[in-house]
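# Summary of structural features
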Amino acid sequence: MGRRNLIGILFFSIFILLFPLVGRISAVSHYVDIMIFVGLTAMITMGLSLLMGYAGQISLGHAAFYGLGAYTSGILTAKYGINPWPALLAGIFLSAAVAVIVGSPSLKLRGHYLAMATLAFGEIIYIIFNETVSLTEGPDGFGNIPHLSIFGFKFESILANYYLVWAVAIIMLIFLLNIIHSRVGRALSSIHGSEIAAMTMGVNASRYKIQVFVISAAMASVAGSLYAHYVQFINPPVFDLFFSIKLLMMVIIGGMASVWGAIIGAALITFLPEWLLFLEDFDILAYGLVLLLIIIFLPKGLFSLPGILYRSVTPRLKSRS
Amino acid sequence: MGTGYNKTHNILVLADHLSHTKTIQFNEDMLMKKSILFVCVILLALILITPASICKAAEPYKIGAVFSVTGRTSFLGEPERNSAKMFEEQINAAGGINGHPIELIVYDTEGDATKAKNRIERLIRKDKVIAIIGPSLSGTTMAVIPVIEKAEIPFVSCAASIKIVQPVKKWVFKTPQTDTQAVEAIYLHMKKHGLTRTALLTANTGFGSSGRVQLKKLAPKMGINIVADEVFGPKDTSMTAQLTKIRGTDAQVIIGWTVGPTQVIMIKNWKQLGMDKKFRFYESHGFGSKRNIELAGGAAEGVYAPLGRVVVADILPADHPQRNFVLKYKNDYEKKFKAEVSTFGGHAWDAMAMVTMALKAVGPDKAKIRDYLENIKGFAGTGGVFNMSPQDHCGLDSGAFEMIVVKDGKWALTD
């Protein structure tokens, strides 16, 4: 995984562990709740960044996988009284199976066919959520979804859910960093560099791409299940195309070439509206402006910022010495 | 702790200075005298100012609000935000509640359930509000109810769904009429006129499908016979196919349930097909905008609709219990925002009125406010006359609607 990433994970885990201390400051006490949503979206954006940054594919359907996880967990636990953990697994299997079906034909082709396929897929899922009223209660949505629990401990409080979500997110992060720094990751990078070159070297491009797509779909599904058990209510608009686009935006703002960037992107896009609330009616304008400035001046995302700063500082230091 | 540290630090510094040179000691003496004088002046000033300032700037009562001010459902959230803000302004101009001004903190949910939850947490934790009104949508309301119940804070929703208050939740109330009540109003009116056979023409949207469910559920109970059940898409540009089918039935009445352009298209088609002689047309309670009459260009003539009294305030009889309240709201709103008043803004107005009534009666005690809200009786708001009870946290019945017919391009009362 590399020493830098190990150190990164260590510091990041300590940060996550200590973050809830902000809950003691009244002005930012609600940040813990928001951080839960950062964690949930980070689970999806990390998978997406692997798909975009390494496999070079765009998905416009990840909100639908998020929704599949949420609805599978919600329906199985709230309507059929099934234990949440097997329900979560069922969501993962369903999402992975759907990802194989959607991904296989489109990922065998070169070009952005996956974007088109997932765009349509996302819409279909959204319509299903709205129209199968007997199962999903349609546009109204449904509640009474139980909290998760393990060995008699119920994840009821914000803090408990915070640690649960971030524990899962960090496990996913470690898993993805391992993939990236393995043979699979190198194969993916080579596909992104030049698909033809990679294939002549014996890399089965479409198979790797499908694998990455399925992994990212499964991760989105886990995020969806955790969402359902935390909020305890789900309705279709949360999982619409707009959210898929927002997820892409997070990956691009954070920096496509790194899973760390995906986390930063998720955090920024989730917190930004919160920080801009003081502008009242002009918050939307400022929101757009911030995003625009990042894209113009940091086309490789926020994660490239330290590198740029470092490079702009080092020549001066060298000339001084 | 911080000030304590500073004090000891200052004393140490002072002691350090004193032990050094005589000149400094002299200066420090001067300084000491000056600072004692300064402290005395400050204390005197405080003693003089404090009582006055307490009387003047009593702590404001903080009320939180969340609406879909932007996004696809801004047609709900914007008038709601405007109305709530206008209420705040008026009550503060009149001296506040028992001397306390109110401070309304409004956040935008963009119609998004996740954002609604985040904003509600912020209102509860950071802003520490006493009560919360909104959100505008049933979905966003249902998503925040677990948070509200856990935080035990009085909450008055401005969303329509009956599910919000059935089953009853301890801290949750709502002001808008439900589609059940609108359906009841139509069926009662039909029966009064001896009409029992109806055709349904509903949109497959949240509003339309919810209306369809209620229409079908209540029909057998109220002795109404549904002879046709046609559905259309929210973006359809013609309903002639559905209407032609209905023409072949023995229906006496067509009930159309939708909002947006389709509610105008269907009555236009109804007129074009010459069906207005044989079938009476009822629109839903979502029909209450004068623009619909204009857009229909004469086709709206003779169409019935159960409407909230906000849109028909000026034609209400002078002795109607809601008249003054509704008319004042309507006039104030239209004067201030230069826009046609809608029922939606009224929901927020009623919510603000109820919460401030409670604050005035019992003060900023959350549990007492809740108890007060649960026992509101005979409050004539914009949405109707509210009679809350432990079993009913909405407090309205089908009487909350006025049956209106379009006559000479205007709303007219009917019996």
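Note that the structure is predicted; figures quoted are calculated from it, not measured. (Residues numbered from 1 in each chain as written. Chains lettered and ligands numbered in written order. Predicted model: local features only at pLDDT ≥ 70, side-chain atom pairs only at ≥ 80, totals over all residues. Heavy atoms only, no water.)

### Concerning the overall build of chain B
Quick note on the threshold: Put simply, DSSP H or I for four residues or longer makes a helix, DSSP E for two residues or longer makes a strand, and each gets a number counted from the N terminus. Exposure classes here rest on a 1.4 Å probe applied to the protein chains alone. A residue is buried below 20% of its type maximum, exposed above 50%, and partly exposed in between. Residue contacts follow a heavy-atom distance rule, with two residues in contact if any of their heavy atoms lie within 4.5 Å. Residue-level accessible areas treat just the shown protein chains as cover; the underlying method is Shrake-Rupley with a 1.4 Å probe.
The helix and strand inventory of chain B stands at 13 helices and 14 strands. Residues classed as buried in chain B amount to 52% of the 415 residues present. When contacts within chain B are restricted to residue pairs at least 6 apart in sequence, those whose partners lie at least 24 apart make up 66%. Of the roughly 18,800 Å² that chain B leaves accessible, carbon and sulfur atoms contribute 59%.

### Quick look at the interface of chain A and chain B
Formally: Accessible area, probed at 1.4 Å, shrinks when two parts are joined; the buried area is that loss added up over both. Whenever Lys or Arg places a side-chain nitrogen within 4 Å of a carboxyl oxygen from Asp or Glu, that contact is recorded as a salt bridge. Under the rule applied, a polar contact is a pair of N or O atoms within 3.5 Å (in protein, one hydrogen donor and one hydrogen acceptor; residues adjacent in sequence only if both atoms are side-chain atoms). Under this grouping Gly is polar, as are all residues other than the nonpolar Ala, Val, Leu, Ile, Met, Phe, Trp, Tyr, Cys and Pro and the charged Asp, Glu, Lys and Arg.
Between chain A and chain B, the contact holds 29 residues from the first and 26 residues from the second. Of the roughly 2,400 Å² buried between chain A and chain B on both sides combined, carbon and sulfur atoms contribute 51%. Summed over the shared surface of chain A and chain B, the result is 5 salt bridges. A salt bridge links A:Asp33 to B:Lys117, with the shortest nitrogen-to-oxygen separation between them at 2.8 Å. If you look at where chain A meets chain B, you find 10 residue pairs in polar contact (both at pLDDT 80 or more). Elements that contribute at least two residues to the side of chain A that touches chain B include exactly α2 (31-54), α10 (205-231) and α12 (259-275) of chain A. Residues belonging to the side of chain A that touches chain B are distributed by class as follows: 13 nonpolar, 7 polar and 9 charged.

### What about the packing of aromatic side chains?
The criterion, for reference: Think of it this way: a Phe, Tyr or Trp ring, Trp meaning its six-membered ring, pairs with another when their centres are within 6.5 Å, and the plane angle makes it stacked under 30 degrees, edge-to-face over 60, tilted otherwise. Cation placement over rings: the criterion is NZ of Lys or CZ of Arg within 6 Å of the ring centroid and within 35° of the ring normal.
Counting across every chain of the model gives 32 aromatic pairs over all chains. A centroid spacing of 5.7 Å and a plane angle of 75 degrees characterise the contact between B:Phe75 and B:Phe344, whose relative ring orientation is edge-to-face. Of this pair, B:Phe75 sits in helix α3 (residues 74-93) while B:Phe344 sits in helix α12 (residues 343-362), placing them 269 residues apart in sequence. Classification of B:Phe75 as partly exposed rests on a relative accessible area of 45%. Ring pairs connect the aromatic residues A:Phe37, A:Tyr66, A:Tyr71, A:Phe129, A:Phe142, A:Tyr227, A:Tyr230, A:Phe239 and A:Phe243, which therefore count as one cluster. Lying over the aromatic face of B:Tyr304, B:Arg280 brings its terminal NZ or CZ to 4.3 Å of the ring centre.

### A look at helix α6 (residues 179-192) of chain B
All names here are of chain B. Put simply, the test is: Every helix has an expected span of 1.5 Å times one less than the residues it contains.
The end-to-end C-alpha distance of α6, which contains 14 residues, comes to 20 Å, matching closely the 20 Å that a straight helix rising 1.5 Å per residue would cover. Of all 14 residues in α6, 10 are buried, a share of seventy percent or more. Buried residues of α6: Asp179, Thr180, Gln181, Ala182, Val183, Ala185, Ile186, Tyr187, His189 and Met190, and no others. Just beyond α6, the residue with positive phi is Gly194, at close to 70 degrees.

### Notes on the side chain of A:Thr270
Residue and element names in this part refer to chain A. Structurally, Thr270 is set in helix α12. Note on Thr270: relative accessible area 17%, which makes it buried. Polar side-chain contacts of Thr270 include one of 2.5 Å to the backbone oxygen of Ala266.

### Quick word on the packing of helix α11 (residues 241-254) of chain A against α12(A)
Residue and element names in this part refer to chain A. Short version of the rule: Only the stretch in contact is used when a helix axis is fitted, and all axes are lines through C-alpha atoms; the angle between N-to-C directions ranges over 0 to 180 degrees. Any angle from 65 to 115 degrees is called roughly perpendicular, while one under 35 is roughly parallel, one over 145 is roughly antiparallel, and all others are oblique. Each crossing gets its hand from how the near helix is turned against the far one by less than a right angle, where anticlockwise is left-handed and clockwise is right-handed.
Taken N-terminus to C-terminus, the directions of α11 and α12 make an angle of 120 degrees; their axes are 7 Å apart at the nearest point. Judged by the angle between their axes, α11 and α12 are oblique. Taken as a pair, α11 and α12 cross one another with a handedness that is right-handed. Two secondary-structure elements touch here, α11 through Lys246, Met249, Met250, Ile253 and Gly254 and α12 through Gly261, Gly265, Ala266, Leu268, Ile269 and Thr270. Partitioning the contact of α11 with α12 into residue classes produces 6 nonpolar, 4 polar and 1 charged.

### Side note on a nonpolar patch on the surface
All names here are of chain A. We apply this condition: Patch membership requires more than 30% relative accessible area and the absence of a salt bridge. Residues of like charge join within 9 Å; the nonpolar side chains Val, Leu, Ile, Met, Phe, Trp and Tyr join within 5 Å.
A cluster of nonpolar side chains, namely Ile7, Leu10, Phe11, Ile14, Leu17, Leu18, Leu21, Leu159 and Tyr163, defines an oily patch on the protein surface of about 870 Å² accessible area. Element by element, the count of residues in the nonpolar patch is highest for helix α1 (residues 3-18), at 6 residues. Its place among the elements puts Leu18 in helix α1. For Leu18, a relative accessible area of 48% puts it in the partly exposed group.

### Re the pairing of strand β6 (residues 197-203) of chain B
All names here are of chain B. Under the convention used in this document: In this scheme, strands are said to pair when DSSP sees at least two bridges between them. If the strands point away from the viewer and the path from the first strand over the helix to the second runs clockwise, then the crossover is right-handed.
In terms of burial, β6 is largely enclosed, as 6 of its 7 residues are buried. Bridge count for β6 against strand β7 (residues 225-232) is 7 bridges, and the pairing is parallel. In the strand pairing of β7, Leu201 is matched with Glu230. Where the polypeptide runs from β6 across helix α7 (residues 206-221) and back to β7, its parallel neighbour, the crossover connection is right-handed. When β6 meets strand β8 (residues 253-257), the two strands line up parallel, connected through 5 bridges. For Thr198, the partnering residue across the bridge sits in β8 and is Val253.

### Notes on the pattern of salt bridges
Following the criterion strictly, the structure yields 24 salt bridges over all chains and no others. With its nearest N and O atoms 3.4 Å apart, the salt bridge here joins B:Lys115 to B:Glu110. Using a relative accessible area of 10% as the deciding quantity, one classes B:Lys115 as buried. Note on B:Glu110: relative accessible area 33%, which makes it partly exposed. Residue B:Arg212 pairs with B:Asp229 through a salt bridge whose shortest N-O separation is 3.0 Å. With B:Arg212 in helix α7 and B:Asp229 in strand β7, the pair connects residues that are 17 residues apart, well separated along the chain. Accessibility expressed as a relative area gives 27% for B:Asp229, which makes it partly exposed. When salt bridges with common partners are traced through the structure, they connect A:Asp33, B:Lys117, B:Glu121 and B:Arg125 into a single cluster.

### Regarding the nonpolar core
Counted only if it meets this: Here the nonpolar core consists of buried residues drawn from Ala, Val, Leu, Ile, Met, Phe, Trp, Tyr and Cys, with membership extended through side-chain atoms lying within 4.5 Å.
Grouped together as the largest cluster of nonpolar side chains are 172 residues, with contacts concentrated most on A:Leu40 and A:Tyr227. Ranked by residues supplied to this core, first place goes to α2(A) with 17 residues. Apart from the residues within four sequence positions on either side, A:Tyr227 is in contact with A:Phe37, A:Leu40, A:Tyr66, A:Gln232, A:Phe233, A:Ile234, A:Val238, A:Phe239, B:Ala113 and B:Thr114. Within the second largest apolar cluster, 31 residues are counted, among which are B:Leu201, B:Phe232, B:Ala305 and B:Val312.

### Looking at the confidence of the model for chain B
All names here are of chain B. Selection rule: Along the chain, pLDDT gives the predictor's confidence residue by residue, from 0 to 100.
Overall, the prediction assigns chain B a mean pLDDT of 87, with 86% of residues at 70 or greater. Scored below 50 in pLDDT, residues 1-5 shows 0 contacts in the model against residues more than four places distant or in partner chains. Throughout residues 50-55 the model reports pLDDT below 50, and contacts reaching past four residues in sequence, or to other chains, amount to 0 contacts.

### Details of the environment of A:Val222
Residue and element names in this part refer to chain A. Here Val222 lies in helix α10. Owing to a relative accessible area of 11%, Val222 belongs among the buried residues under this scheme. The contact partners of Val222, leaving out residues within four places of it in the chain, are Met43, Leu88, Ile92, Val168 and Met172.

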